[in-house]
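These are the residues of each chain, in order.
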Amino acid sequence: MARTNGYVYRDYRKGRSGNKKRRFSLSLLIFIVDIIMAVALFATATATIICSITPNNDPASLGIISTVALAAPIIYVIMLCVLFYWIVRWKWSLVVVTLVFVIIGSFSAGKYYRIYFKQPISEKYPSHLKVVSYNICNLNRSEIVDSLANHAPNIVCLQEYKSDSGFVWNNVGAKHRYKKNRQINTTAKGEADFSCEIFTNLPIIRQGLIDSLPRFNAIWADILYDKDTIRVVNLHLKSTTITAQDMEFVEGHKYVLDSARNSKIRSITDRLVENSIYRGAQARKVKEFIERSQPMKIIVCGDFNDTPLSYTYKTIAQQLTDTFITAGNGYRYTFNGFFKLLPIDYILASKHFNVLSYEADYTMGFSDHYPVITRMRINKD
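Residues numbered from 1 in each chain as written. Predicted model: local features only at pLDDT ≥ 70, side-chain atom pairs only at ≥ 80, totals over all residues. Heavy atoms only, no water.

> Please explain a nonpolar patch on the surface as it appears in this structure.
A surface patch of nonpolar side chains, about 560 Å² in accessible area, is lined by Leu28, Phe31, Ile32, Ile35, Ile36 and Val39. Note that Ile36 resides in helix α1 (residues 13-53). (Patch = residues over 30% accessible without salt bridge, like charges linked within 9 Å, V, L, I, M, F, W, Y side chains within 5 Å. Areas by Shrake-Rupley, 256 points an atom, 1.4 Å probe, with all protein chains shown as cover. Salt bridge = Lys/Arg side-chain N within 4 Å of Asp/Glu carboxyl O. Helix = DSSP H or I, 4+ residues; strand = E, 2+ residues; numbered from the N terminus.)

> Can you walk me through the layout of surface pockets in this structure?
Once rolled over the atoms, a probe with the size of a water molecule shows which space is left empty. When its volume is computed, the largest pocket comes out at roughly 1100 Å³. Forming the walls of the largest pocket are 48 residues, and the residues nearest its centre are Leu70, Ile242, Leu272, Phe338 and Leu342. Those elements giving two or more residues to the lining of the largest pocket turn out to be α7 (244-251) and α8 (261-293). Ranked by residue count, the leading element in the lining of the largest pocket is α8, at six residues. For the lining of the largest pocket, the class distribution of residues is 23 nonpolar, 18 polar and seven charged. (1 Å grid on protein atoms, 1.4 Å probe; cavity = no way out; pocket = protein on both sides within 12 Å on 5 of 7 lines; lining within 4 Å. Points joined across faces, edges and corners; volume = space filled by probe spheres on them. Nonpolar A, V, L, I, M, F, W, Y, C, P; charged D, E, K, R; others polar.)

> Quick question: what am I supposed to make of the nonpolar core here?
Nonpolar side chains tend toward joint burial in soluble globular proteins. Counting 27 residues, the largest nonpolar core has Leu129, Ile155, Ile230 and Ile299 as its most contacted members. Take this core: its biggest share by element is four residues, from strand β8 (residues 218-225). Ile299 has contacts with Leu129, Val131, Ile230, Arg231, Val232, Val233, Ile347, Leu348, Ala349, Phe353 and Met376, leaving out every residue within four places of it along the chain. Listed in part, the 19 residues of the second largest apolar core include Val233, Leu237, Ala283 and Val300. (Core = buried A, V, L, I, M, F, W, Y, C linked by side-chain atoms within 4.5 Å. Buried < 20%, exposed > 50% of the residue type's maximum accessible area, 1.4 Å probe, protein only. Contact = heavy atoms within 4.5 Å.)

> Help me out: how do you make sense of the environment of Leu224 in this one?
For Leu224, the location among the structural elements is in strand β8. It is 6.3 Å that separates the C-alpha atoms of Leu224 and Ile204, two residues lying 20 residues apart in sequence. Discounting chain neighbours no more than four positions away, the residues touching Leu224 are Leu202, Pro203 and Thr229.

> Before we go on, may I ask you to explain the sheet that holds strand β13 (residues 345-349) in this structure?
Backbone hydrogen bonds hold the strands of a sheet together, and the pairing may be parallel or antiparallel. Across the sheet, six strands lie side by side as β7-β8-β9-β10-β13-β11; this open sheet has mixed pairing. Every interior strand has two partners, whereas the edge strands, β7 (204-209) and β11 (321-322), have only one. Seen against the sheet, α8 touches β8, β9 (228-236) and β10 (297-303) and runs at an angle of roughly 175° to β9. (Pairing = 2+ DSSP bridges. Axes fitted to C-alpha atoms, helices over the stretch in contact; angles between N-to-C directions.)

> What am I meant to see in helix α3 (residues 72-88) here?
Because the α-helix completes a turn every 3.6 residues, residues three or four places apart line up on one side. An ideal rise of 1.5 Å per residue puts 24 Å on 17 residues; α3 measures up with 25 Å between its terminal C-alpha atoms. Residues of α3 that are buried: Ala72, Pro73, Ile75, Met79, Val82, Leu83, Tyr85 and Trp86. One or two steps after α3, the chain reaches Trp90, where phi turns positive at roughly 60°. (Expected span 1.5 Å × (residues − 1).)

> Please clarify how the packing of aromatic side chains should be interpreted in this entry.
A ring pair, where both rings are aromatic, is described by two values, the distance of the centres and the angle of the planes. Counted according to the given criterion, the structure contains 12 aromatic pairs. Ring geometry for Tyr112 versus Tyr331: centroids 6.2 Å apart, planes at 20°, classification stacked. Linking Tyr112 in the loop between α4 (92-109) and β3 (113-114) with Tyr331 in strand β12 (residues 330-331), this pair joins segments that are 219 residues apart in sequence. On the basis of relative accessibility, which here comes to 3%, the residue Tyr112 falls in the buried class. Relative to Tyr346, the ring of Tyr313 lies with its centre 5.0 Å away and its plane at 45°, an arrangement referred to as tilted. With Tyr313 in helix α9 (residues 311-317) and Tyr346 in strand β13, the pair connects residues that are 33 residues apart, well separated along the chain. Classification of Tyr346 by relative accessible area gives buried; the value is 0%. Ring pairs connect the aromatic residues Phe304, Tyr313 and Tyr346, which therefore count as one cluster. We note Arg231 situated over the ring of Trp220; from NZ or CZ to the ring centre the distance is 4.3 Å. (Phe/Tyr/Trp six-rings, centres within 6.5 Å; stacked < 30°, edge-to-face > 60°. Lys NZ or Arg CZ within 6 Å of the ring centre and 35° of its normal.)

Here you go:
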């Protein structure tokens, strides 16, 4: 600042220089964020395309690429964030490109999240069939039986059921009539396989195994209901073999500092791919059984160990209705792990049924799965 002839002069050059630096820093920051968002757009767009083709291709042909679909919900959320960013930036050409992939991804997102405005079932449909599917993880706890009994189901399909436990599962509801519906078979190692069981308060007139299925983890029962015969199939498909240590490695973000992360990640992905291929073969056998069973009324329950964007799910559900898609509400997940993002337990029904409701009971945290519950009635039309 200087004084001349009584006037005070301020030197604004320093202020102008500081403003230029701030503007430059801001422009640089925006440029960097633009680059990051452009990369995110490319990555999520590629992942969205992969997720859309995964259900239609055998995992044996896709290999490790098939595992991308496991992160489908995360991919879609990132895509929405990218869309919002380009709208704020007024980059309308990029908005249009991103919106195209958001629309493509919405078809997949609908298998995870639904909005359903329910009507009172008791008023419109005074009678219905209630079905529960639950992987109990070989647990023998009275709380499980009590909680299931509170739902008053007509049919209960259990997976990872340990029949030699001595636990009285026929106490699932005082009015339920227990009928052991499976035959004892052995695995390739000669061990008895008791993975699945069906309980019902309705008469069972026939039962058996899908004996062409590897490991025999699939049973069926023909159940008499209201003068109709319903074929109920209970499945427990090949496990992912992902251990608690693997889950901790992923959920605890231990891969960030773990020096052996490359080998651990490779081990996890290799097992995911290998078992996905195995489940694909199982799914084809189940599909053949369903086709042979037509035109019967069919309900398929079970732990598929695969997501709705998998070849396994698409193969089995191809001619059936997913009860969640018909009557589900909100985001569904049935596995208590992997950030609670994965639905891997399902109840599917043939077109003969009118699905009234769907829910997963998240209060029943006994197992690493949550029970899936649906109400339906036979469509007389």
